[in-house]
Amino acid sequence: MAYIPHTPEDTCAMLKSFGVQQTESLFSTLPDSVRLERYLDLPAGLSEPEAERTIRGILAKNQMPRLSFAGGGAYEHYIPSAVKSIISRGEFLTAYTPYQAEASQGSLQAFYEFQTVVCQLTGLDYANASLYDAGSALAEAVLMAWRVTNHPRVFVAPGLNPLYRRVLETYTSHAGVLLENLPERDGIADFSRVNWENTAAVVVQHPNYLGCLEQVEELAARAKSHGAMTIAVVNPVSLGLLKPPGDWGADIAVGDCQPLGLPLSFGGPYAGFMAVRAELVRKMPGRIVGVTVDKKGRRGFVLTLQAREQHIRREKASSNICSNQALCALAFTVCVALRGGRGLRDMASACAVRARKALERLLRIPGVKRVHNAPFFHEFVLELPFNASAICSDMARHDRIVPGVPLSRFGSARERELIVCATETKSLHDIDELVRGLAGSLGRLKTGGAK
Amino acid sequence: MAPANLKFTQTHEWVGLDGSTARFGLTDFAIKQIKDIVYLDLPPAGTAIKAGTPFGAVETVKAAFDLNAPISGKVVAVNTAAVAAADSVAKDPFGSGWLVEVEIAGDSMTGTELSALMDAAAYASFCAKGGHH
Amino acid sequence: MIHEEPLLFELSHGQAEDYVGGVPAEQGIPAEFIRGEVPPLPELSELDVVRHFNRLSKKNAGVDTHFYPLGSCTMKYNPRFNEDMAALPEVVQAHPLWDESMTQGCMEIVWETARWLAEISGFARVSLQPAAGAQSELGALMMVRGWHESRGRKRGKVLVTDTSHGTNPASAALCGFTVETVASGPDGCIDLKNLQAALSDDVAALMVTNPNTLGLFEGRMQEAAQMVHEAGGLVYLDGANMNALMGMARPSSLGADLMHFNLHKTFSTPHGGGGPGAGAIACTADLEPFLPAPLVARDAFGHFHFDHNRPKSIGKLTAFHGNFGVIVRALSYMVRCGGGGLREVSETAVINANFLRNLLEKILPTAYSGACLHEFVLTAKSLKQSKGITALDIAKGLLDKGYYAPTIYFPLIVEEALMVEPTETESRGTMEAFAKAFAEVCAMDPEALHSAPNTMPVGRLDEVKAARDMNLRWKA
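Residues numbered from 1 in each chain as written. Chains lettered and ligands numbered in written order. Predicted model: local features only at pLDDT ≥ 70, side-chain atom pairs only at ≥ 80, totals over all residues. Heavy atoms only, no water.

Moving on: the overall build of chain B. The helix and strand inventory of chain B stands at four helices and nine strands. In chain B, the succession of α and β elements from N to C terminus is β-β-β-α-β-β-β-β-β-α-β-α-α. Projecting the C-alpha coordinates of chain B onto the three principal axes gives extents of approximately 40 × 35 × 20 Å. For chain B, the share of sequence-separated contacts (at least 6 apart) that also reach a separation of at least 24 residues comes to 62%. (Helix = DSSP H or I, 4+ residues; strand = E, 2+ residues; numbered from the N terminus. Contact = heavy atoms within 4.5 Å.)

Written out as structure tokens, the structure is:
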């Protein structure tokens, strides 16, 4: 049987050693009425090679594309080989939460380094040791702003990823938070006519899910002048190139670690990061690591500010979070350490350059238009002559290429629009294949009848 | 030994009156039990406080305890020196270690609230019996 | 043993490798958006980074290196097989927003895992969207609210036991409920009189862990559930301790209406230093409409799709599909064990716990006498009184002996508690050696123990200084 170290004889001997004849008697506190009277209706156990065949057999039903330009909150980037080798070390992989600090200095120091790196990238003062993902990090940030300001209204810029929006709505549905939408103009927020009374915060994603760059400095200044906080949702790769939220006036910055060090993995596990201005640190949920010394004056790291957390405050805790995404935060830290500041800037620049190349060549296809004029980072929205989902299905079948994510995937009614993302992983050859594939697909759909 | 002019709650807060204002603090008994205070979470000026309800919290490394208001009032001052150096409260809990100053109604309601509290002698014997409510 | 290891930011400046491939031309983003300088991150050689993190790892203890009897955490072996399956290209490269026709394999993995959990729990439907146990609790309580509201009721209170994990009341509070704690009886289990007194038509649910955090089976749970149902409330089972029950009893038969699983506890996915985990919410057909959306559904042709048409759903907990990489690991483990193997896991977890309890009871008393299930709680109360040795001292002394300490000071109702859970993957020899070391630690000179640990990279750390100094990040 899998992973049981005892032989049946061992088990017998162990039971006898404390006077028990049968395993059954150890379950005597379970009433007969609750005992399962049959075996679980599940397949029998398998050896490792047989189990591998089973799992591979299921996964083989995927139809993997050979080229993908999908973004929308999960991004394909190169992960340096050293990241995987470090996070698979048993001491990191199989360790528990560092409650016994003396035996967990490796993890604790790594979290402290993670917290520092998040601050260096975002330009804010303090960060926690990670949350589940960007969506839940955003929800926690909004709840924080609501509690601190005691105001119910929270403005949400239209460029917030609708998936994050849905998580935010789920988390705030019962609380006294009123989410209100800012109007959209040319893919970004129009905040020219906003009534800021009783507003806790404005949430702005930058670059937003349509790829566009928002007027963040103005928006943050406007919010601040009315006593509202600015919550920025940012892409850590973009921070290699773009002005960080701490510099343009954000009070809280959240985002996902995924683009730096984490594989796409069908949506998870990722890791959310959160960074705040100094005065908000005690309101921040999640684990936080601090520096201290032992009796011999040696530097050490410990979980600190724990009195905010669930295992102490229970119902008065600032959140209910227990696990963070430790190993994912470690992967992010290692990736950032390997790439360095210049490397991160080069990576972001390469993404921006490839995306512009892709746009330039795609626009040469008749009938293909860019929807917005706003500046963009590495994603942009195209309007196509036909239903974008139909085009994606056609290109999947015909070329095994994913040209992007249809806007309808996010619940939009704009069925002919497609978000295209080009990262540094896309070569000029890849871009030409995309263009050829899309042109071919449009041709087929035209002759086959518009959808 | 707690000063004779103060009144005490069963959760170890003290109150001292001075005309139309009153000061709240934590007793030395509580501070000895709590040990190392690392943070004081106190309300800003203008906050309305109701007798018997929490008005803030005192944090140690391992725990957080509510601070319960002995009487009702409106916060007019917060001891910022204590907030800046939380461990200083332990040095003089009944004097410079005060936590908040409140403006009180000074009417019969205040009188009722005060009479529900313990005086110094009653508090001393309460502590001698263990100090649990 | 590695002691001082500088921070990344303290290592000497070097040259990073090129992971991009050439310096790109002008990128065309207007200057107003561009940051003034290169991000102030360290510039290090790949060797320096690799060496740094390898050296850090040597200052850590994991299941791979140490016996880790942390009660309530189920620190069983994390099979490397799981890691290989999670590293397959169909997992690693799958984008969550590709057309569903491209990710049928991934969706079947989720479907299969849900099917296994439904059978293990006895419940009708399972969602694997939550990223962790605590997030599952939050989701489940939102479902409880939704269920009451669909019946035109607004109930504001949730009951928890005094032995519950801190996430129970925290999740309830985050969900907007007030929380009341029901004191257990002298046998460590739910006290029905206390429960009756706490029940009212404002109680939305009772949250119960079974087996509870004392390692005892909550034998009165069915009666308690009946009482709660009669008062119009629901019963939520915290499934953190499912390692004791698989194949033996099913939560649906215990009177629960919904529950959560921790995949990183019961199903062997690695703890990673504090995550990522994954949670699952399982519920009755009555509560199914309220599960997080979307759910993976299968049509008559065996084709999978995401069912978004769930108007009563509480909404979304994670942006994409949950911690899929963790789900793959859990299913890999389930497939290896099989139904019979999972039952044997639970049996062996209980045998091992009782074997170890028997050895340790000769040293310190258990909080509650008699057989335990998969974990048990010792109390160092008398040792503290006689020799001044606390649970903390014992924990630190065990670190010096090469063991990770049991959970200490939990559950809150036991003084000087040490919660021990060996799990089924530990051998007799390991447990006997641990018991020997435990005895040695308890017999140590108290003064010597107060200064333990002495063989770790650091000794006991000044947590008060950490909280006061608030140095939470390196600054130049």
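Alright, that's what it looks like, and here's the rest.
A few words now on unusual backbone geometry. Residue A:His206 is joined to A:Pro207 through a cis peptide bond whose omega torsion reads -5°. Tracing the backbone through its elements, the reader meets A:Pro207 in the loop between strand S7 (199-205) and helix H8 (216-225). A cis amide bond, omega 0°, links C:Ala452 with the succeeding residue C:Pro453. Structurally, C:Pro453 is set in the loop between helix H14 (446-450) and helix H15 (463-469). Positioned with a positive phi, C:Thr74 is a non-glycine residue whose angle comes to about 50°.

Here we come to the pattern of salt bridges. The tally for this structure, following the rule as stated, stands at 48 salt bridges over all chains. Note that C:Glu10 and A:Arg299 form a salt bridge whose closest N and O atoms lie 2.9 Å from each other. Of this pair, C:Glu10 sits in the segment before helix H1 (46-57) while A:Arg299 sits in strand S12 (residues 299-304), placing the two residues on different chains. Taking the relative accessible area as the measure of exposure, C:Glu10 reaches 38% and is therefore partly exposed. Using a relative accessible area of 23% as the deciding quantity, one classes A:Arg299 as partly exposed. (Salt bridge = Lys/Arg side-chain N within 4 Å of Asp/Glu carboxyl O. Buried < 20%, exposed > 50% of the residue type's maximum accessible area, 1.4 Å probe, protein only.)

Here we come to the domain arrangement of chain C. Accessible area lost upon the coming together of the parts serves often as the stated size of an interface. Split by domain assignment, chain C resolves into domain 1 (8-57), domain 2 (81-335) and domain 3 (345-465). For domain 1 of chain C and domain 2 of chain C, the distance between their C-alpha centroids amounts to 42 Å. (Domains from an automatic or database assignment.)

If you check helix H11 (residues 326-362) of chain A, its first and last C-alpha atoms are just 40 Å apart, much less than what 37 residues at 1.5 Å a residue would give, namely 54 Å. At A:Gly340, H11(A) shows its largest bend, some 95°. (Expected span 1.5 Å × (residues − 1). Bend = angle between axes of the 7 residues up to and from the residue.)

On to the packing of helix H2 (residues 48-59) of chain A against helix H4 (residues 104-121) of chain C. For the pair H2(A) and H4(C), interaxial distance at closest approach is 7 Å and the crossing angle is 125°. Taken together, the axis directions place H2(A) and H4(C) in an arrangement best described as oblique. Touching A:Ile55, A:Ile58 and A:Leu59 of H2(A) are C:Gly105, C:Cys106, C:Glu108, C:Ile109 and C:Glu112, all from H4(C). When grouped by side-chain class, the residues that make up the contact of H2(A) with H4(C) number five nonpolar, one polar and two charged. (Axes fitted to C-alpha atoms, helices over the stretch in contact; angles between N-to-C directions. Parallel < 35°, antiparallel > 145°, perpendicular 65-115°, else oblique. Nonpolar A, V, L, I, M, F, W, Y, C, P; charged D, E, K, R; others polar.)

Turning our attention to empty space enclosed by the protein. All names here are of chain A. In total, this model carries nine cavities of 30 Å³ or more according to the counting rule given. Taken together, 17 residues form the lining of the largest cavity, with Tyr75, Tyr164, Gln205, Val234 and Asn235 sitting closest to its centre. Considering only residue class, the lining of the largest cavity consists of eight nonpolar, seven polar and two charged. (1 Å grid on protein atoms, 1.4 Å probe; cavity = no way out; pocket = protein on both sides within 12 Å on 5 of 7 lines; lining within 4 Å. Points joined across faces, edges and corners; volume = space filled by probe spheres on them.)

The partner chain C presents 195 residues to the 183 residues of chain A that form the contact. Together, the buried faces of chain A and chain C total about 16600 Å²; carbon and sulfur atoms form 64% of this surface. At the surface where chain A touches chain C, the tally comes to five salt bridges. The salt bridge involving C:Glu119 is made with A:Arg38; its shortest N-O contact spans 2.8 Å. (Buried area = accessible area lost by both parts, 1.4 Å probe.)

What follows covers the packing of aromatic side chains. For the structure on display, the rule yields 25 aromatic pairs over all chains. Here A:Tyr3 and C:Tyr333 contribute two aromatic rings whose centre-to-centre distance is 6.1 Å and whose plane-to-plane angle is 10°, an arrangement assigned as stacked. Linking A:Tyr3 in the segment before helix H1 (8-17) with C:Tyr333 in helix H10 (residues 324-360), this pair reaches from one chain into another. For A:Tyr3, a relative accessible area of 18% corresponds to the buried category. Measuring from centroid to centroid gives 4.3 Å for B:Phe8 and B:Tyr123, while their planes differ by 5°, and the two rings are stacked. Residue B:Phe8 is located in strand S1 (residues 7-8), and its partner B:Tyr123 is located in helix H4 (residues 120-128); the two are separated by 115 residues in the primary sequence. Both residues of the pair, B:Phe8 and B:Tyr123, count as buried. Every member of this aromatic cluster is reached through a ring pair, and the members are B:Phe8, B:Trp14, B:Phe94, B:Tyr123 and B:Phe126. (Phe/Tyr/Trp six-rings, centres within 6.5 Å; stacked < 30°, edge-to-face > 60°.)

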